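Fold and contact review
Now for the letters of each chain:
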Amino acid sequence: METFYHGTSVLFKKFDLARALEGAGKVKFGYGVYVTSHYRSAAHYAIPAADHHYVYTVEVPDMKDDNFIAFKQPVNPIIIQKAAKKIGEAIPEKMTLGGKDFRKFLAKKLNGKIDLEGEKKAAAFLLSIGVDFIAWPYNWKNPSLGTNRAILDESKVKIVGVDEVQLDQKKQLIEGSQVKIDINNL
């Protein structure tokens, strides 16, 4: 398991994808629990208009060659083979050159269009062939700085800590404002 962070304005005991659109309200990178390798970034996404801001420290599945798709990178051939076998047809090569196109291809194939329901079906399909998450760089200009991920199965996100944090007017973490929340009392 790897340590990542999730920002929100809500306290909860476990992640529930049924509430996924209550935060930023988008599935830009796929239907899943959005986490980041950067604490400050998670704080930034803790819904700045809210009265309370929380950063969850979570453990998520390790990145392996065949358990994720990357947003703008070619899809692993093993994942392509599993997907083609399961849907019973070859996947056009142009749809495998990046995880975004691959995911959208699956959404349209499984649902007839690319909408929230299609994204949910694509996520379920990817899970069924062993894909745990979709990854993209924390910083597009310098991908070595870390990753963001959409974890496709909320049960694979283990909460290990929660901090209440304060944000400044620019929606940035105020250093030293972190206060631990007792997760046993959530």
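What comes next is a walk through the structure. (Residues numbered from 1 in each chain as written. Predicted model: local features only at pLDDT ≥ 70, side-chain atom pairs only at ≥ 80, totals over all residues. Heavy atoms only, no water.)

1. Topic: the overall build of the chain
How we decide: The secondary structure listing takes helices from DSSP runs of H or I that are at least 4 residues long and strands from runs of E that are at least 2 residues long, numbered from the N terminus. Exposure is judged per residue with a 1.4 Å probe applied to protein chains only, and the accessible area is read against the type maximum: over 50% gives exposed, under 20% gives buried, and values in between give partly exposed. Note on contacts: a residue pair is in contact if any heavy atoms of the two residues lie within 4.5 Å. Residue-level accessible areas treat just the shown protein chains as cover; the underlying method is Shrake-Rupley with a 1.4 Å probe.
Each helix and strand in the chain was counted, giving four helices and eight strands. For the chain, the N- to C-terminal ordering of α and β elements is β-β-α-β-β-α-α-α-β-β-β-β. Once the C-alpha set of the chain is aligned to its principal axes, its extents read approximately 55 × 35 × 30 Å. The buried share of the chain, taken over its 186 residues, is 43%. The long-range share in the chain, meaning contacts at least 24 apart out of those at least 6 apart in sequence, stands at 66%. Accessible area for the chain stands at about 10,200 Å²; split by element, carbon and sulfur atoms hold 51% of it.

2. What to know about helix α3 (residues 99-111)
So the rule is basically this: Multiplying one less than the number of residues by 1.5 Å gives the expected span of a helix.
Its 13 residues give α3 an end-to-end C-alpha distance of 18 Å, which sits within 8% of 18 Å, the value for a rise of 1.5 Å per residue. The complete set of buried residues in α3 reads G99, F102, R103, F105, L106 and A107. Residues of α3 that are buried sit in contact with β4 (68-70), α2 (77-87), α4 (116-128) and β5 (133-137). Downstream of α3 by a residue or two, G112 has a phi angle that is positive, lying close to 85 degrees.

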